Amino acid sequence: MLTKNESKGLALARGFIVFIMPAVHTTLLYSTPEVKKGPLGILLGLLAEQPGAQLFMFLMGVFIAYGKPKSFAEVTGRFFYLLIAAYLLNFIRLVLPFYWGWLPREFLTENNVAIDSLTPLRLLLTGDILQLAAIAYLVCQVFMQLKQKMFFLPAAILLILLLSPLLWQVHSKSPLLQLPLSLFNGLPPATFFPVFPWLCYPLGGLLAGLLWQKYSSKSQNGVWVVSSIVIMIAGIAFTIIEPPDWNNNFYRLGPGGTLFHIAVVMLWIALFVWAVATFANNIFFRLLHWSSNHITIVYFTQWVLIMWLLPVFGYEQLSLTQTLLTLVLTSIISFSIPAFYKKIMLSRKFFTHE
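Residue numbers here run from 1 along each chain, matching the order of that chain's written sequence. The predicted nature of this model means local features are confined to residues of pLDDT at least 70 and side-chain atom pairs, given and counted, to a pLDDT of 80 or more, with totals for whole chains, interfaces and linings taken over all residues. No hydrogens and no water enter the side-chain calculation; it runs on all heavy atoms of the structure.

Student: Teacher, can you tell me more about the pattern of salt bridges here?
Tutor: Pairs may arise between side chains of opposite charge once their charged atoms sit close together. Salt bridges are counted wherever a side-chain nitrogen of Lys or Arg sits within 4 Å of a carboxyl oxygen of Asp or Glu. Following the criterion strictly, the structure yields three salt bridges and no others. For the salt bridge of Glu316 with Lys36, the shortest nitrogen-to-oxygen distance reads 2.6 Å. In this pair, Glu316 sits in the loop between α17 (310–313) and α18 (320–353) while Lys36 sits in helix α2 (residues 33–37), placing the two residues 280 residues apart along the sequence. Accessibility expressed as a relative area gives 17% for Glu316, which makes it buried. A run of DSSP states H or I qualifies as a helix once it reaches four residues; a run of E qualifies as a strand once it reaches two. Both are numbered from the N-terminal end. For every residue, the accessible area obtained with a 1.4 Å probe (protein chains only) is divided by the maximum for its type, and the residue is called buried under 20%, exposed over 50%, and partly exposed between those limits.

Student: Help me understand the packing of aromatic side chains, please; the structure alone is not making it clear to me.
Tutor: Ring pairs are drawn from Phe, Tyr and Trp, using the six-membered ring of Trp, whenever the two centres fall within 6.5 Å, and their geometry is named by plane angle: stacked under 30 degrees, edge-to-face over 60, tilted for the rest. According to the stated counting rule, one finds 25 aromatic pairs in the structure shown. Judged by centre distance (6.1 Å) and plane angle (25°), the rings of Phe19 and Phe335 are stacked. Of this pair, Phe19 sits in helix α1 (residues 4–30) while Phe335 sits in helix α18, and the two are 316 residues apart along the sequence. The exposure class assigned to Phe335 is buried, which follows from its relative accessible area of 11%. Summarising the aromatic geometry, the rings of Phe193 and Tyr251 are spaced 5.6 Å apart at their centres and angled 75° between planes, so their arrangement reads as edge-to-face. Taken together, the residues Phe193 in the loop between α10 (175–185) and α11 (195–198) and Tyr251 in the loop between α13 (220–241) and α14 (255–278) connect sequence positions 58 residues apart. Looking at Phe193, the relative accessible area reads 10%, which means it is buried. A network of ring pairs unites the aromatic residues Phe16, Phe19, Trp268, Phe272, Phe284, Trp290 and Phe335 as a single cluster. The rule for a charge over a ring is simple: NZ of Lys or CZ of Arg within 6 Å of the ring centre, and within 35 degrees of the ring normal. It is Arg93 that lies over the ring of Trp303; its NZ or CZ is 4.8 Å from the centre.

Student: How do you make sense of the nonpolar core when you look at a structure like this?
Tutor: General note: in soluble globular proteins, nonpolar side chains tend to be found buried as a group. Core analysis: the biggest nonpolar cluster contains 98 residues, and Met57, Phe58, Leu203 and Ile269 have the highest contact counts within it. With twelve residues, the top contributor of residues to this core is α1. Residue contacts follow a heavy-atom distance rule, with two residues in contact if any of their heavy atoms lie within 4.5 Å. Every residue in contact with Phe58, bar those within four places of it in the chain, is listed here: Tyr201, Pro202, Gly204, Gly205, Ala208, Trp224, Ile262, Val265, Met266 and Ile269. Side-chain atoms within 4.5 Å link the members of a nonpolar core, which is a set of buried Ala, Val, Leu, Ile, Met, Phe, Trp, Tyr and Cys residues.

Structure follows, in structure tokens:
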């Protein structure tokens, strides 16, 4: 089992990325290109693209490894819940603003979204992290049922790493086939987190969680750091010999880039496990823990809020000072709405029991 510090460290590592999420997306959509290329944009970009979405998926695998066995009904229920949430979010944050005329033409053209009769369908079927999470959750649960998973998991990760660049070349001339196919091998704007190679992150987390349980020791965090450095060196070595176009896009990296990001995620986790063991509990830790526990509703809320405010703040219009003020505002609202919703639900439960 995870120790108290390890469990809390995992939660805080994820909670920090949730905490900065509204700021990252606010800057991405509202700030001028100069602000994005400046210190604020670079800092948020590094946090978003290094331990960011990869961390969410890696920890999904870790938590599945430590979770209780799930029935078929529970697994399929969670799969459809995530999938429905994903497309509901697309409808609310993209399709409705498109019909209402709230999406600036510049936003669509600069993100390579074709403007024609199929634009609403493309926006609805955009592949994002919730779609990936649904597929990854199902795949991880299938691996948990295998008796020889400690053999099949490394084999599957290696296979995905090697085959992903080949699978990127598979396309269909039919838009109705290409859109769902893009979930597995696409690029933005069709898909931001394609299954190949992103499935490596949850499967890597699942393998790490199982190994963590099997070989638990007092020096575990040290072993974790050393393993991370070895994986990082391997990733850098692969990157050097890979074709350059395999690592031109953050959302679809070759084996080297994917291994490098797995190592970054592992080091990020080690950092927060160390922080929990070193520093006393404080209000910031409690905020991060709350953020980690409410990741889905915060993710949903902040995207709807930021997309619906595009007509107010404009696309790529804000200066540095305006960006800082706006990201504070969107962050406060993004966390306040879930907190207020939870308070209402707890109140209803209290009065119902009464």
